[in-house]
Each structure stands twice: as C-alpha cells, then as structure tokens.
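Survey of secondary and tertiary structure
Each chain, letter by letter, is given below.
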Amino acid sequence: MNRAPIKSSFQQLYNSSPELQQDYEEIEITNNINNNRRDFVKSIVSMGLVTPIIPTVSNADDVVSAASSTTLPPVQVVATGDAKKLFNEGRALEAQGNILAAQRLYTKVTKISPRFIYAWSNLGNTLVAQGELNDAEQTYSKAINLCEENLKEAEESFGVKRCDDLYLLLLNRGSVRLNNGMPKEALSDLQRANTLRARPDAIILQNLARAQELNSFYAQSDKSYTTAISMTANEVNPFWLRSSMVKYQLGDVNGAMDLMKRVENRFPEAPEVRAAYAVLLLAKGDEDAARRKFLEIPDRQRIKYADGNFLEKVVAWPSAMKEGLSSLTKAVGDSS
C-alpha cells in the first residue's frame, strides 16, 4: 500500500487563504514534501501549508474485512470488483490533477462500498484540494471511524487485515481542523497521530507545533518546531517563520532572529516574511532598518498588516508579534 504525502498545516493555511496563496505564488514559493511513504495530493493548506494527503490503496486485490457484524457489512481495507476498478481509475485521475473527475469516482465508490476506508479518505483528499474543508473533515472522520472499528475487530479475530494508517488519517483530519477554526480538536488529533507514529515525523511535528501554537502552548510548540527543523535543516521551509515567531513570543529574540535571517534569505520577497523580519529588527532596537524593511512591502499588501482581523484570523500571529507590528504600522503611518 502506498502512503499519501501530506503537506504541512502551514502550507494548508496558505492554500486555504487565497490572499496569502497569491502572495507566495507571485514569488514562486513551492514546498512540496516528497516522501516515499505517501502519494502527493495538491491541496494544502499553506505557504507552499504543507501541504498537503492520506493513505491510498494501490493494489487492492482481495476483499479483506473486519469480523462479521449482525447489523453492518464488514469494514473493508481493500476493494474488489467494480469498487476496485473505479477506485483505481480515481487514483489515476487524481495523479493527473483531474481532481473533480477523481472526486466523482471516489463518491461512486463510497456508494458501492460504504465500508471501504480508503474510498472516504481519498474523497477527503479531493475535497481538501478544492478548499471544501467542512466536507473533508466529515469524510476523514468517516475513514477514521472505520479504521478504528477495523482495529478493534482485528484484536478480537485472527487473520483480519489491519488498517495500518490511522496516524495518517488523524494527521489529515488534524490538518484540516487546524485550518478550519478547530484548534483544540486539531491538537487532539495531532497528538494522537504523534503517539501512534511512535517516532519523530517531520510532517506530524510541523502540524503539531502549529496546533500547540494556536492553543497558546508556546513552550511545547517551540520544542516541536525545533525537532521538525532539525529533521529538515538542509532546506529552509516556510514553517520556520512560525518557529521564529514562537521563539519571539517566548522572549528568545536572538533565536528568533537567527531563524528569521535564514527564512528571509530563502523567501526575501514574501510580504509576511518582510513584515515579521521588520518586527524583529524593531525589537533589536534598529527602528530605521525596521521601517525600511516594512516599507519594502507593496502598499496593497502592507496595509493588510494594520488590519486586526487579518492578523487574528488569516496569518494568526502570536500576541507579541502583533504588539510589535502595531508599533511599526503606527511608525510608518499605516495606522493611528
């Protein structure tokens, strides 16, 4: 069984925000995370947010089910017959980028084999790719429930094919919840995914760190971000910006600046990077340099950073960063 690659929630955040997605597309930021364990689904969620998703069945040769139920058909880990044929056709279309056609086929599979785990998870992939996060959250939940039911049955019955991808399913739902106004629920999913994975996983840690950050667990978030960075140290990723801001929130200005310099070197024209770098320059006492850096942002984009709703709902900066930015926008005349 092939695994589906998952973009970080940071990537998903930006893909689910058209304004930010445009900002980063303009400077051609890409952050495709390649992992042989996972197939890639174009969705996510963010600065290039990670995107972005879920386990995919490639060789569904047998129908393997959970223990029989008196009221429900068995859970299917693989598919056969018409469901198998449609599912594989959907996977091929998804790989070609024909998301709508793939979605139609996956929907048919859920009707033919409603207890087939990966019909629901792959349908969720296509919904995320279109920004339909509410529906994606529901389909991932369906896949998770079926997977958990299968695992319970596998414990009680010998020879039952196990759903081995629960951590990935939780990671995907957690990433969706993270970007759909459900930070507490996202944190729960991502903590479970991290526990089930049982070893450091950079993608899980990026998403977990973001969830910890949004729930104001900054010390935990800093630890998770630091571990994720140590696993990707040869390539600066957009989530490093979040790590820098968390360090600043914790009072580690020097650590925040060290990371920010590397991010700014990699993404020098990104408006959010310029704004955050300007805040750190201000914190270091160099107000002139801070003003110059902030004014490098084109007017149309810069004015957003004087909008409290944008800071709270779209980029979701930590409070210390927002306070520094408030001083900066006043200094340049963008706010009063």
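You'll find the structure just up there.
Now for a look at the structure at hand. Nothing here was measured: the structure is a model prediction, and the numbers come from that model.

**Digging into the overall build of the chain**
Secondary structure assignment for the chain yields 17 helices and zero strands. Considering the chain as a whole, with its 336 residues, one finds that 56% of them fall into the buried category. When the accessible surface of the chain is split by element, carbon and sulfur atoms take 45% of a total near 14,300 Å².

**Points about the packing of helix α13 (residues 271-283) against helix α17 (residues 319-331)**
Contact geometry of α13 with α17 gives a least axis separation of 9 Å together with a crossing angle of 85°. The angle between α13 and α17 falls in the class roughly perpendicular. Contact with α13, carried on its side by A276, A278, V279, L280 and L282, involves M321, G324, L325, S327 and L328 of α17 and no other residues of that element. Taken together, the residues of the contact of α13 with α17 sort by class into eight nonpolar, two polar and no charged.

**Quick notes on helix α14 (residues 287-295)**
By the burial criterion, the buried members of α14 are A289, A290, K293 and F294. Axial view of α14: buried residues confined to an arc of 130°, hence all on one face. Seen from the buried face of α14, the exposed residues on the opposite side, beyond 90 degrees, are D288 and R292. Tucked inside the fold, the buried residues of α14 contact α12 (253-266), α13, α15 (299-302) and α17.

**With respect to the packing of aromatic side chains**
Evaluated as defined, the whole model comprises six aromatic pairs. Look at Y305 and W317: their rings are 5.9 Å apart centre to centre, the planes differ by 45°, and that puts the pair in the tilted class. Separated by twelve residues along the polypeptide, Y305 in the loop between α15 and α16 (308-314) and W317 in the loop between α16 and α17 bring together distant segments of the chain. With relative accessibility at 3%, the residue W317 sits in the buried group. The structure contains a cluster of three or more aromatic residues connected by ring pairs, namely F87, Y106, F116 and Y118.

**Considering the state of the cysteines**
Tallied over the full model, the rule gives one disulfide. Each sulfur of the disulfide joining C147 and C163 lies 2.1 Å from the other. Disulfide C147-C163: the torsion about the S-S bond is -100°, which places it as left-handed. With C147 in helix α6 (residues 133-156) and C163 in the loop between α6 and α7 (166-178), the pair connects residues that are 16 residues apart, well separated along the chain.

**What to know about the pattern of salt bridges**
In the structure shown here, the tally under the stated rule is 19 salt bridges. Ionic pairing is found between E272 and R242, a salt bridge with its closest N-O pair at 3.9 Å. Within this pair, whereas E272 is found in helix α13, its partner R242 is found in helix α11 (residues 239-249), the two being separated by 30 residues in sequence. Under the relative-accessibility criterion, E272 is labelled buried at 1%. On the basis of relative accessible area, R242 is assigned to the buried category, the value being 0%. Three or more residues are tied together by salt bridges with common partners; here these are E137, R173, R177 and D189.

Thresholds, definitions, all that
- Residues numbered from 1 in each chain as written.
- Predicted model: local features only at pLDDT ≥ 70, side-chain atom pairs only at ≥ 80, totals over all residues.
- Heavy atoms only, no water.
- Helix = DSSP H or I, 4+ residues; strand = E, 2+ residues; numbered from the N terminus.
- Buried < 20%, exposed > 50% of the residue type's maximum accessible area, 1.4 Å probe, protein only.
- Areas by Shrake-Rupley, 256 points an atom, 1.4 Å probe, with all protein chains shown as cover.
- Axes fitted to C-alpha atoms, helices over the stretch in contact; angles between N-to-C directions.
- Parallel < 35°, antiparallel > 145°, perpendicular 65-115°, else oblique.
- Contact = heavy atoms within 4.5 Å.
- Nonpolar A, V, L, I, M, F, W, Y, C, P; charged D, E, K, R; others polar.
- Arc of directions from axis to C-beta.
- Phe/Tyr/Trp six-rings, centres within 6.5 Å; stacked < 30°, edge-to-face > 60°.
- Disulfide = S-S within 2.5 Å.
- Salt bridge = Lys/Arg side-chain N within 4 Å of Asp/Glu carboxyl O.

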